[in-house]
Amino acid sequence: MELTNEYLLGIQKKVEQKNPAEVEFHQAAKEVLMSLQPVVEKDPKYIESGVIERIIEPERQIMFRVPWVDDSGKIQVNRGFRVQFNSAIGPYKGGLRFHPTVNLGVIKFLGFEQIFKNSLTTLPMGGGKGGSDFDPKGKSEGEIMRFCQSFMTELYRHIGPDTDVPAGDINVGGREIGYMFGQYKRITNTFAGVLTGKGLTFGGSLARTEATGYGLCYFTENMLQANGKSFKGQTVVISGSGNVAIYAHQKATELGAKVVAMCDSNGYVYDKNGIDLAAIKQIKEVERKRIKEYLNYHPDAEYHEGCKGIWTIPCDIALPSATQNEIDEESAKALAANGCYCVSEGSNMSSTPEAIEVYFANKMLYGPAKAANAGGVAVSGLEMSQNSERLSWTFEEVDNKLKAIMKDIFENCDEKSKAYGMPGNYMAGANIAGFLKVADAMIAQGN
Ligand code: NDP
Ligand code: 2IT
């Protein structure tokens with residue numbers, strides 16, 4: 001697929017000029033603009049209203065200093081971000097990422113994609129994203145806590161349960177959300193549903209921890225079944241070994257698949273007998289150690305330095321669940337050559353544009369992140385509902401709603417891909433379906 005429409009090309013050019021060096025944002029914008037070609041060709045309203053120029057410009061971008069005191073008494077400084085991208089269909093909603101690679105372009109790509117993802121969930125949530133270039137690796141518990149408190153000491157003035165509701169992302173899980181929630185509560189003297197992914201004793205939703213990984217497998221199972229396949233008996237490779245990867249492993253296994261490889265940023269493990277999830281959980285969730293430790297549990301497994309090699313392991317289904325652009329053209333070709341017929345994205349923008357071309361050229365099933373990983377934010381939306389009514393639902397209730405939402409997302413992507421002449425292109429389907437709802441709301445609201 002190429003971006004050839006003159007009008008949309010003009011928008012892409014402007015995005016690149018106005019946001020220099022924000023390469024991830026350019027990439028995310030281009031993919032959406034490409035998908036919208038049949039939409040503007042079918043209905044000139046989307047050109048005349050200028051809604052695409054509007055949706056591509058964040059409503060508000062906040063950058064701030066985060067000073068914190070390390071264990072040696074020295075003051076460290078990081079940069080904090082919150083990009084409030086779009087509030088047409090609900091309060092800004094999206095995660096916070098703490099990683100040394102975080103910059104404005106990364107947060108903007110994530111915030112932009114979040115608009116369409118949140119729209120797909122059917123729940124009333126706008127799009128936003130935030131985070132910091134703080135690196136939690138090697139930091140003490142006290143340092144993590146002081147950083148989170150300092151981060152919230154600035155962020156609190158920009159968020160609120162009806163304004164902007166952050167959650168977790170890379171390196172932001174239950175622990176960090178707890179510290180940030182505590183600081184928000186202290187500063188504002190309110191106990192509010194201002195963050196999701198909270199602890200279960202203070203307003204968190206059951207099944208939020210599992211939601212992204214489970215949702216990824218529910219979406220993928222729907223996509224597989226619509227194409228005469230299923231997880232049953234399939235060999236699966238999952239990158240990452242964090243929140244998304246762990247619960248994707250759990251659900252894929254429950255659905256009858258065998259997960260043979262996982263990784264962290266140092267390297268990957270291959271266990272032909274199937275990766276032992278209890279060992280991974282112990283290493284990653286309890287001890288917060290490196291995946292290499294897996295060999296202490298299963299000395300017969302293989303460990304390889306570097307993450308890229310994970311895509312050379314033969315599999316039927318790949319679920320990238322670590323970070324953006326983790327599958328490039330070469331890796332996509334390796335997957336295809338080894339018989340992989342389905343790539344479904346747990347991580348945001350897992351695949352480079354060249355990798356996506358390889359999937360289409362090889363007629364592989366491709367589940368794009370903004371549809372496939374929407375289960376996390378969907379259950380965040382359900383957490384907001386429970387907080388508002390001051391009630392909590394059972395695990396089963398939440399899980400059933402998640403299942404229904406992921407099925408609906410798949411069907412919506414499938415239907416839009418057909419309606420706009422690109423059957424089976426769920427990337428275009430997701431972008432179009434996500435866009436139409438938000439764009440119509442923006443046009444109706446005049447902003
Ligand atoms: P975690 O921090 O729990 O886990 C991230 C995993 O990916 C770790 O194994 C980490 O390894 C690895 N990783 C992170 N950055 C890199 C990198 N630059 N290179 C190689 N490996 C890397 O995060 P999550 O599981 O929450 O998030 C994973 C992905 O899923 C992200 O893309 C996130 O945006 C996306 N996502 C998350 C949702 C959620 O609800 N949490 C919802 C939807 C999408 P290491 O420990 O060595 O850093
Ligand atoms: O990328 C994502 O959708 C997330 N990190 C989850 C966002 C949320 O608000 O739950």
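Details of the structure are given in the entry above.
Bear in mind that the values here come from a model prediction, so they are computed numbers and not experimental data. (Residues numbered from 1 in each chain as written. Chains lettered and ligands numbered in written order. Predicted model: local features only at pLDDT ≥ 70, side-chain atom pairs only at ≥ 80, totals over all residues. Heavy atoms only, no water.)

S.K.: Describe the environment of Tyr270, listing the residues and the values that go with them.
M.R.: Tracing the sequence through the fold places Tyr270 in strand β8 (residues 267–270). Residue classification places Tyr270 among the partly exposed positions, given a relative accessible area of 25%. Distance in space between the C-alpha atoms of Tyr270 and Ala301 is 5.9 Å, their sequence separation being 31 residues. (Helix = DSSP H or I, 4+ residues; strand = E, 2+ residues; numbered from the N terminus. Buried < 20%, exposed > 50% of the residue type's maximum accessible area, 1.4 Å probe, protein only.)

S.K.: Could you give me a rundown of the site of ligand 2, with the residues and numbers involved?
M.R.: Near ligand 2 there are 14 residues, and of these Lys93, Lys117, Asp169, Arg208 and Ser380 occur at the shortest range. Within the side chain of Gln114, a nitrogen or oxygen atom sits 3.0 Å from an oxygen atom of ligand 2. Arg208 is positioned with one of its side-chain polar atoms (N or O) 3.0 Å from an oxygen atom of ligand 2. Elements supplying a minimum of two residues to the shell around ligand 2: β3 (92–98), α6 (104–120) and α16 (375–389). (Near = heavy atom within 4 Å. Polar contact = N/O pair within 3.5 Å; in protein donor to acceptor, adjacent residues only side chain to side chain.)

S.K.: Residues and numbers for the sheet that holds strand β10 (residues 317–319), please.
M.R.: Taken in spatial order, the seven strands line up as β9-β8-β7-β6-β10-β11-β12 in an open sheet, and their pairing is mixed. Of all strands in the sheet, those bounded by a partner on one side alone are β9 (302–305) and β12 (365–367). Here the average twist between neighbouring strands, direction ignored, is 15 degrees. Alignment of strand β6 (residues 235–238) against β10, held across three bridges, turns out to be parallel. The residue bridging Val236 from the neighbouring strand is Ile317, located in β10. (Pairing = 2+ DSSP bridges. Axes fitted to C-alpha atoms, helices over the stretch in contact; angles between N-to-C directions.)

S.K.: How would you summarise empty space enclosed by the protein if you had to cite specific residues and measurements?
M.R.: Taken as a whole, this structure holds one cavity of 30 Å³ or more when the rule is applied. By volume, the largest cavity is sized at about 60 Å³. (1 Å grid on protein atoms, 1.4 Å probe; cavity = no way out; pocket = protein on both sides within 12 Å on 5 of 7 lines; lining within 4 Å. Points joined across faces, edges and corners; volume = space filled by probe spheres on them.)

S.K.: Explain the packing of helix α9 (residues 208–226) against α16 to me, using residue names and the numbers behind them.
M.R.: Close contact between α9 and α16 brings their axes to 7 Å; oriented N to C, the two are set at 145 degrees. At the point where α9 passes α16, the crossing takes the right-handed sense. Here Arg208, Ala211, Thr212 and Gly215 of α9 lie close against α16, whose contacting residues are Gly375, Gly376, Val377, Val379, Ser380 and Glu383. Residues of the contact of α9 with α16, tallied by class, amount to three nonpolar, five polar and two charged. (Left-handed = near helix turned anticlockwise from the far one by under 90°. Contact = heavy atoms within 4.5 Å. Nonpolar A, V, L, I, M, F, W, Y, C, P; charged D, E, K, R; others polar.)

S.K.: I'd like a rundown of the site of ligand 1, residues and numbers included.
M.R.: Neighbouring ligand 1 are 26 residues, the closest being Asp169, Thr212, Ser265, Arg290 and Asn348. Interatomic distance of 2.9 Å between a backbone N/O atom of Ser241 and an oxygen atom of ligand 1. Of all elements in the fold, only α9 and α10 (243–254) reach the threshold of two or more residues within the shell around ligand 1. Grouping the constituent residues of the shell around ligand 1 by class yields five nonpolar, 14 polar and seven charged.

S.K.: Please set out α16 residue by residue, giving values where relevant.
M.R.: Given a rise of 1.5 Å per residue, 15 residues ought to cover 21 Å, and the 21 Å separating the end C-alpha atoms of α16 matches this to within 8%. With 12 of 15 residues buried, α16 is to be regarded as a mostly interior element. Within α16, burial applies to Gly375, Gly376, Val377, Ala378, Val379, Ser380, Gly381, Leu382, Glu383, Met384, Gln386 and Asn387. On the buried face of α16, the contacting elements are β3, α6, β5 (164–167), α9 and α17 (395–419). Looking at the residues trailing α16, positive phi occurs at Arg390, about 50 degrees. (Expected span 1.5 Å × (residues − 1).)

S.K.: Lay out the state of the cysteines with the relevant residues and their values.
M.R.: Within this structure, the stated rule accounts for zero disulfides. The thiol sulfur of Cys340 is not disulfide-bonded, and the nearest other cysteine sulfur, from Cys315, lies at 4.2 Å. Taking the relative accessible area as the measure of exposure, Cys340 reaches 4% and is therefore buried. (Disulfide = S-S within 2.5 Å.)

S.K.: So, the layout of surface pockets: which residues are in play, and what are the values?
M.R.: When its volume is computed, the second largest pocket comes out at roughly 500 Å³. Here the lining of the second largest pocket is built from residues that sort into 11 nonpolar, 10 polar and three charged.

S.K.: Report on the nonpolar core, specifying residues and quantitative values.
M.R.: Counting 65 residues, the largest nonpolar core has Ile52, Phe112, Tyr359 and Phe435 as the members making the most contacts within it. Residue contributions to this core peak at nine residues, all from helix α18 (residues 426–445). Residues within four places of Tyr359 in sequence aside, it is in contact with Ile327, Ala332, Val343, Ser351, Met364 and Tyr366. If you look at the next biggest cluster of nonpolar residues, it comprises 58 residues, including Val236, Tyr303, Leu319 and Tyr341. (Core = buried A, V, L, I, M, F, W, Y, C linked by side-chain atoms within 4.5 Å.)

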